[in-house]
Every structure is written in structure tokens, then in C-alpha cells.
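Given next are the chains, with one letter for each unit.
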Amino acid sequence: MSGATNKKLLVITGPTASGKTSRAVDVAKVLDGEIISGDSRQVYRGMDIGTGKDLDEYDGVPYHLIDICPAGYKYNLYEYLRDFDAAYEEITGREKLPVLCGGTGLYIESAINGLRLPEVPENRELRDSLAGKSLEELTAILASMKSLHNTTDVDSCKRAIRAIEIQCYYQQHPEAAVQATPRPMENVTIVGVDIGRENRRRRITARLSSRMEEGMIDEVKSLLDSGISAEDLIYYGLEYKYVTSYLIGDLTRDEMMTGLETAIHQFAKRQMTWFRGMERRGFKINWLPWDMGREEFVEHVSSLL
């Protein structure tokens, strides 16, 4: 990552259904920018309605890190940071403004915090020695190697084994652990789209019914028909989890709709918790109202840069 001080990064973030993509497009058009997605699910091809890609919204503004992996793949933070760097260097190399837009707090914070992870190769011997252990046993092993503040490391045996593999690699290659030490980016401006709880809830509900009308169920059905396993789709959470569970007969349509709406509201709440945590960790987020006029929003962001 180049630390050249003339390079800038604008981040536009906020909870789901806050309208951040259209805001990022407005700003990019006026400030000669290109958008880098900060969304962990928009990387997958064929997962369009459920991830809210709304590609028409970009209206000619170039975008990066969308549709770069096949559905069924499990893209990770290491790959995101690698791909973010490449996009950032490419955009700034053309003297355009990179606009990082999305709501995946882990990806956004890790990118601007300068966290870079070395690629850790598979350790077949270690994997074989851990095979057959329970998730509880694997969690205990991992907890003895690092403090567990990220529960996604241990939500399945497969992930726990991979996390242990990474920690073992760092212990054997201390130079790799040094590389994983954050070096925060310079000239980063973070704008948050601020939407109150009631408006957010109302927009989530409206958006969910419109996604269903747009063919959300057909989208998931075609992913299943293309050979992607139900388990892999459930892994992606939210729309893919609930619609798949409905299609394979585990939920009724009413259970799917009620459960999914509740899950999206909870997800938005967790996003806000992450952003508040970022502020406590020293990141300044400039919150602007979600319903601010388009020109006023762009002017305000321009003045922050």
C-alpha cells in the first residue's frame, strides 16, 4: 500500500437500506470518482437481487469488486484486502477519486486501518491431526493461541481449523505476523448515511417486498438448479439463508418472510453497533442525514475532502 499523501480515499457507509449506493454514485459523478464495493456478498456473480446490487444505479460510474467470484465460493478478508489494494492503486493511478461504498464494517475498517494479511498455505498434516475434533475442542485450541473477539472464526469446524492453521503459520513465520500489523491509510474521509431506526425499519420492509416482486425466490431457485448446494447458499445468510430454507421445505412462506424481515432488522442493528465501535476506536465518521438533498449532500462531502 502506497502512503503517498496526495492520494485520497472517500468512504461512504451506513446500515442496510440507508441509500448509500445512490449517494456514492452522486458524489463519484461530481468528483470524478470510481466506486470500490465494501460489501462482502456483492462479490458473487448471480447473487444480484438478494445482495441489492442495483447496477443500474451506477449510471456509468465505474465500479470495482462486484461480480468477481462465482456463487458458491467463500470469499474471505485476505482476498478482499488484496483486491481492494489493487483497485485502489488502479483508480489513484488514473488520478481518479476512489469511493469505498458498502456496509460490511469488517472489510471497510480493515482496509482503511491498513490491515494486510499474508496468504497462509494449507497445512495438510495439521488438518489431518485436527480432523474429528469437536467444535468445542477446536475453539479451546484456538483460544489458547489468540483472543477470540471474532465469533465467525469458530462458527463451524472447518473455519476453526482454518483459523488454527493461520495462527500456527504466524507462530512459525513471525515475519508474516509483522505484515499483518495494521498501518493505517492516510487521507481517508468517512461519511456515514444517518437514518433513524423507524425510517430504517420502514425502508427495510418496503425493500424486502420489492425484492420478492423482482424475483428473489427465482434467483435462489436458479442458483440451486445450477448445482450450488443449499448448505453453501445458507452460508451467505439473510435472503439466501431464508429463501433456500423455504425452497428445500424447512420453512413455510410465512415463516420465511417473518424470519427474514426480523433477521435484516437485526443485521442493520449489528452494522450500527460496528460503526459506533469504529468511532470508539478512533475513526471519525461524518454522519449526514439520509434524506438530505442530493446537491447539498455532494457539496457537504466535497467540503470534507
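Keep in mind that what you see is a predicted model, and the values were worked out from it rather than measured.

So, about the overall build of the chain. The secondary structure content of the chain amounts to 13 helices and eight strands. Overall size of the chain, expressed as C-alpha extent along the three principal axes, is 60 × 50 × 35 Å. Looking at the chain residue by residue over its 305 residues, the buried ones come to 48%. Intrachain contacts of the chain at a sequence separation of at least 6 include 74% that bridge at least 24 residues. Summing over all exposed atoms, the chain offers an accessible surface of approximately 15200 Å²; the carbon and sulfur share of this is 49%. The chain carries 38 positive and 47 negative side-chain charges, and their two centres are separated by 3 Å.

Further remarks concern helix α6 (residues 157-172). Helix length check: α6 (16 residues) gives 23 Å between terminal C-alpha atoms against 22 Å at 1.5 Å per residue, within 8%. For α6, the set of buried residues is Ala160, Ile161, Ala163, Ile164, Glu165, Gln167, Cys168, Tyr169 and Tyr170.

We now examine the sheet that holds strand β1 (residues 9-13). Across the sheet, which stays open at both edges, the six strands sit in the order β4-β2-β6-β1-β7-β8 with parallel pairing between neighbours. On the outer flanks of this sheet lie β4 (63-64) and β8 (285-289), each paired with one strand and no other. Taken strand by strand, helix α2 (residues 77-93) contacts β1, β2 (33-37), β4 and β6 (97-102), and its axis lies near 175° from that of β2. Contacting β1, β7 (188-194) and β8, helix α12 (residues 253-280) crosses the sheet at an angle of about 135° to β8.

Here Asp26 shows up in helix α1 (residues 20-31). Not counting residues within four places of it along the chain, the set of residues in contact with Asp26 comprises Arg294 and Val298.

Positive phi outside glycine occurs at Asp67, with the angle close to 60°. Here Asp67 lies in the loop between β4 and β5 (69-70). Phi angles above zero are rare outside glycine, and Leu238 is one such case at about 40°. With respect to the element layout, Leu238 can be found in helix α11 (residues 238-247). For Leu238, a relative accessible area of 15% corresponds to the buried category.

Before going further, it helps to examine the packing of aromatic side chains. Applying the stated rule across the entire model yields seven aromatic pairs. Here Lys74 stacks its cationic end above the ring of Tyr235, 4.6 Å away from the centre of that ring.

With that settled, consider the environment of Ala206. Relative to the assigned elements, Ala206 resides in helix α8 (residues 197-214). Judged by relative accessible area, Ala206 falls into the partly exposed class, the value being 47%.

So, about the pattern of salt bridges. Counted by the stated rule, this structure contains 20 salt bridges. The residue Glu122 makes a salt bridge to Arg127 at a minimum N-O spacing of 3.6 Å. In this structure Glu122 comes out as partly exposed when scored by relative accessible area, which is 48%. Of the charged contacts in the structure, one is a salt bridge between Arg197 and Glu198, with a shortest N-O distance of 3.2 Å. Salt bridges sharing partners connect three or more residues here, namely Glu122, Arg124, Arg127, Asp128, Arg162 and Glu165.

Cut-offs and rules
- Residues numbered from 1 in each chain as written.
- Predicted model: local features only at pLDDT ≥ 70, side-chain atom pairs only at ≥ 80, totals over all residues.
- Heavy atoms only, no water.
- Helix = DSSP H or I, 4+ residues; strand = E, 2+ residues; numbered from the N terminus.
- Buried < 20%, exposed > 50% of the residue type's maximum accessible area, 1.4 Å probe, protein only.
- Contact = heavy atoms within 4.5 Å.
- Areas by Shrake-Rupley, 256 points an atom, 1.4 Å probe, with all protein chains shown as cover.
- Lys, Arg positive; Asp, Glu negative; His and termini not counted.
- Charge placed at Lys NZ, Arg CZ, Asp CG, Glu CD.
- Expected span 1.5 Å × (residues − 1).
- Pairing = 2+ DSSP bridges.
- Axes fitted to C-alpha atoms, helices over the stretch in contact; angles between N-to-C directions.
- Phe/Tyr/Trp six-rings, centres within 6.5 Å; stacked < 30°, edge-to-face > 60°.
- Lys NZ or Arg CZ within 6 Å of the ring centre and 35° of its normal.
- Salt bridge = Lys/Arg side-chain N within 4 Å of Asp/Glu carboxyl O.

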